[in-house]
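Survey of secondary and tertiary structure
What follows is the residue order along each chain.
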Amino acid sequence: MMTFAPLLLVFLPLVAAAVSFALPERLSSWRNAANLGVAFTKLLVVAYLLNATEAGLVFEWRYEFLPDNDLVLRLDKLALLFVTLSVFLWLMTTIYAIAYFDRGPNLSRFFGFFNLCVLAATGVAMSGTAITFFLFYELLTLATWPLVAHKGDDKSLRAGRIYLSYTLAGSVAFLAGILWLQSLVGAIEFAAPPDLTGIPALTLTLIFILCIGGLGVKAAIFPLHGWLPEAMAAPAPVSALLHAVAVVKAGAFGIVRMIYDVYGIGTVADLGLGLPLAALASVTILYGSVRALMQTDLKKRLAYSTVSQVSYIILGASLIGPYAVIGGLVHLVHQGIMKITLFMCAGALANRMGIKAIADLDGAGRLMPVTMAAFSVGALGMIGLPPVAGFISKWYLGIGALQSDAAWVVAVLAGSSLLNAAYFLPLLYRAWLLPPPADRPAIRELATTRDRMLILPAAVTALVSLGAGIFASLPFSPLAWVTLIAEGGYLR
Amino acid sequence: MNLLGLLVAVPLGFMVAALLLRGSGRWLILAAAPVMAGLALWLALLPPGTTLLVGNWDLPLGILLRADGVARLMVLAGALVIGAIGLHALVDPPGGNDGGAATAETFWPLLYLMWAGANAGFLTTDLFNLYVTLEMVSLAAVALAAMGSLAAALRYFMIAMLGSLAYLLGVALLVANYNTVDVTLLAQVARLDLATVMALGLMTAGLLIKAALFPMHGWLPPAHAAAPAPASALLSAIAVKLGFVILLRLWFEAFPAITGSAALHVLGGLGAAAVIYGSIQAMRQDRLKPLVAYSTVAQVGYLFLAFPLVAGAVEPSSAWAGMTLHGVAHMLAKAAMFLAAGLMLKAAAGDRIADLGGLAQAMPLTVTAFGLAAVSLMGLPPSGGFTAKFLLLSAAIEQGAFLYAGVLVVGGLLAAVYLFRALSACFAPLAGAGPDTASRGPVTGGVKAVAPLTLAGLAIVMGFAGTALVDVSAIEVPWATPTVIQPEVAP
């Protein structure tokens, strides 16, 4: 178990993918059962691993795939943070996707690639060397493309094309950066950061820019964010997945690894790279919020909100103070749970009542109260209101900024929260306080076709994002786990 | 006769049998594919230093067959690729322009002829013997190309003849100058004089034509695009590789002392230009097969772009491995892609990329094969193409050769542009139908997709066997201490 646990986490989704690809559409119930079964098994494995890792065990699997370049899967606490998030949200999204698509076309293909995405995201989380990271990072790009282009209409194909041109360009920059650094210091292991002394500052800065630039595409840092709103052409479960867990988080996670496990905070501070990155993250936060405010389409507004929110993670990582790190890392989890709630609700609204534009939201709360309640929790969390989890992130980020003598960040946080409120509160107002238009189906009518599985996942994630805020001080809460990570090495 | 001889003799035997059996000769592939794969695997696992002196004469009279790393990998990949193409041709027979049985019948002897020629070419170190193998392969290749378009084949024939003549002239000059044409012996006596430079120049020019390196690539796209899919696969995977391998023998083994860095950079520069030019041409194609053919022009470029990287490396084995593995990965992936493209075009409404709509639903396995092959050609992980690119890019960055590094990086991106364009078209709905009616019943059984899927799968799996493959490629590399050649006594 010690060595093979990481391999098992990669292998399980591969099984689900193979089963999904192999089963024809008419056996969809078998396919659904396999997908749920594997997702649930994976959650159990992760529960075991959480316990074991908290007790201090580190699981590692290693394979020399090229001379001097090992493929390493390593489950340290940071890896497990991301693994747990993705495994939990995947179970939710799988339940949701089964209900959402029901019996649409090409679902074998969809679930096949969907599982390959889980595989890639778990791999990204567990990567122990830079080259392993790159491998899974690219696999993620490839596995997501068929999901973005899933509908096959012009808009989806265009979105797929834009997605690829951004991400592939980003990954070659990242690869060039990795190989450049490797040519100077040898293979890069996250567990044993390379010794960078003696390398000219300019070289290190250029490599840093290449790597962060490459990772920043997926993390949707301004001005590399253009693909993300376009990718909204994809079906709702895909949007939920791209935004909450897989793609943007892989980018943000990679940036955290670069700063803390490759360069080390000392080097980043010496080179003076933290501040420009923090500034760029702040620009993205404000820019994303302003653009979100300008959207009239619900999914587009959520997309720009993602652009803004993911940069909180990068802001926290680049400020290089204990509280800021905690705030950034905990937001990796919190944003995931809250954003997936919002997207699953948006998908449910579109699926059940054809609501796509914000103007159509009038009275939605009366017709779909559970969905809108979940949506409201997510929205309030994004604004940063206690006791939803988003508050914890912002609180720690704010304190962290003060610790790092960057008081201006507090202004950015305050401004962003105001903007968040400005683009989320009108939605809640419309949904709860305005009457529904006359042509909406009646509640009774909706109830006859209600599919609980479409609403349940969002309700669960909404409750979890409340719980993560209220019970933040308990062990195994995201905050407690992140604090454990921070104490275990990030605050050297 | 030992194993090395068998690798040449067995396909020749099959060729004769195929000629004699005519119509039913196609079934021979059922025996040939496993036998050759077995022999090739055996070759790959032989202890280093295995050689054979044909005719049992010592050098320079005898002809030396030798199993170095390049030969082992090329013969093995060749056996897998040609075997798979042959098995594929059983279920998807190559009908030419006349579509009749005559073309199908001629396909089989040509396949075996190319197989024997390629194996002999990969294994031998005798430059005149290499000329013979070059002719065997060219002959088979021209005839295969003629199955599609006679005009393209004639053009190919003329240019190939020119290449052969130039090569032969070079060999003649060497004979006059050194009294030997064995690569291993030449390496010991090579001196820098006008005759040697002229010989090397002539031979190189001739071989570059055969390998279709830009700007000598003009014959390739029409010939490869017009031929039936199994023939195109053979042409792109096998035929162009032989010229490349002979160039390796010349530049790194026989004359490393006189190939200056300027000359190496000319080759590298042409390679880089080929990558860019081939990719841009591929992007401009409207039809699927010319796109795949131009991709070969680009991929050949990487092989030569690697020349200065190998020569300039302090520790050349990793660049060498990158170059060799690129050749192997391209063999597997390009053969898979041509076979898949052939199936896709049969199912599609027309031969343009825009006609591919609906295929992702109609033939998912074939489109998957195309997609996996594309992943390797783009150099994305995990795949043999990525392993090769990783090694080459590392070497380029280590040497500060940022121009080559840039081309390696940009070439991958350009490949993504044109290959995803084709893949994307497969996801589009059927032309003239709305997205809801996109699904139509599967048009091909799964059997036809087996060969392309297997080859593409191998190209992907290669990405996980990097260490082992790098080790094999390093067997008897030119710069290692030369092994003492001990002739084996033939029974």
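In case you missed it, the structure is sitting above this.
Residues numbered from 1 in each chain as written. Chains lettered and ligands numbered in written order. Predicted model: local features only at pLDDT ≥ 70, side-chain atom pairs only at ≥ 80, totals over all residues.

Considerations on the overall build of chain A
When helices and strands are tallied, chain A shows 20 helices and two strands. Scaling as 2.2 N^0.38, a compact globule of 492 residues should have a C-alpha radius of gyration of about 23 Å, and chain A matches this with 21 Å. Counting only C-alpha atoms, chain A reaches 70 × 50 × 45 Å along its principal axes. Taken across its 492 residues, chain A has 62% of its residues classed as buried. The contacts in chain A between residues at least 6 apart in sequence include a share of 80% that link residues at least 24 apart. (Helix = DSSP H or I, 4+ residues; strand = E, 2+ residues; numbered from the N terminus. Rg over C-alpha atoms; globule rule 2.2 N^0.38 Å. Buried ≥ 20, exposed ≤ 12 C-beta atoms within 10 Å, placed from the backbone. Contact = placed C-beta atoms within 7 Å.)

Description of the environment of Ala5 of chain A
Residue and element names in this part refer to chain A. One can find Ala5 in helix H1 (residues 4–22). On the neighbour-count criterion, Ala5 (21 C-beta atoms within 10 Å) is buried. Linking Ala5 and Gly469, residues 464 residues apart in sequence, is a C-alpha distance of 30 Å. In contact with Ala5, other than residues within four places in its own chain, are Leu49, Phe59 and Leu75.

What about the interface of chain A and chain B?
Contact residues are listed per partner, giving 27 residues for chain A and 29 residues for chain B. Listing elements by their share of the side of chain A that touches chain B, those giving two or more residues are strand E1 (59–66), helix H5 (130–148) and helix H6 (154–185) of chain A. The element that contributes the greatest number of residues to the side of chain A that touches chain B is H6 of chain A, accounting for 12 residues. Along the lines of polarity and charge, the residues of the side of chain A that touches chain B split into 16 nonpolar, five polar and six charged. (Nonpolar A, V, L, I, M, F, W, Y, C, P; charged D, E, K, R; others polar.)

Notes on helix H1 (residues 3–21) of chain B
Relative to the 27 Å expected for 19 residues at 1.5 Å per residue, H1 of chain B spans 26 Å between its end C-alpha atoms, a close match to the ideal helical length. The set of residues buried in H1 of chain B consists of Leu4, Leu7, Val8, Val10, Pro11, Phe14, Met15 and Ala18 of chain B. (Expected span 1.5 Å × (residues − 1).)

Here's the deal with the environment of Ala442 of chain A
Along the chain, Ala442 of chain A turns up in the loop between helix H17 (407–433) and helix H18 (443–448). Sequence-wise, Ala442 of chain A and Arg366 of chain A are 76 residues apart; in three dimensions their C-alpha atoms are separated by 9.8 Å.

A closer look at the pairing of strand E2 (residues 69–75) of chain A
All names here are of chain A. Summarising burial for E2: six of the seven residues are buried, a large majority. Across seven bridges, the pairing between E1 and E2 is antiparallel. If you follow Tyr63 over to E2, its bridge partner there is Leu71. Between E1 and E2, which pair antiparallel in sequence order, lie two residues; one of them, Asp68, sits at a positive phi of approximately 65°. (Pairing = 2+ DSSP bridges.)

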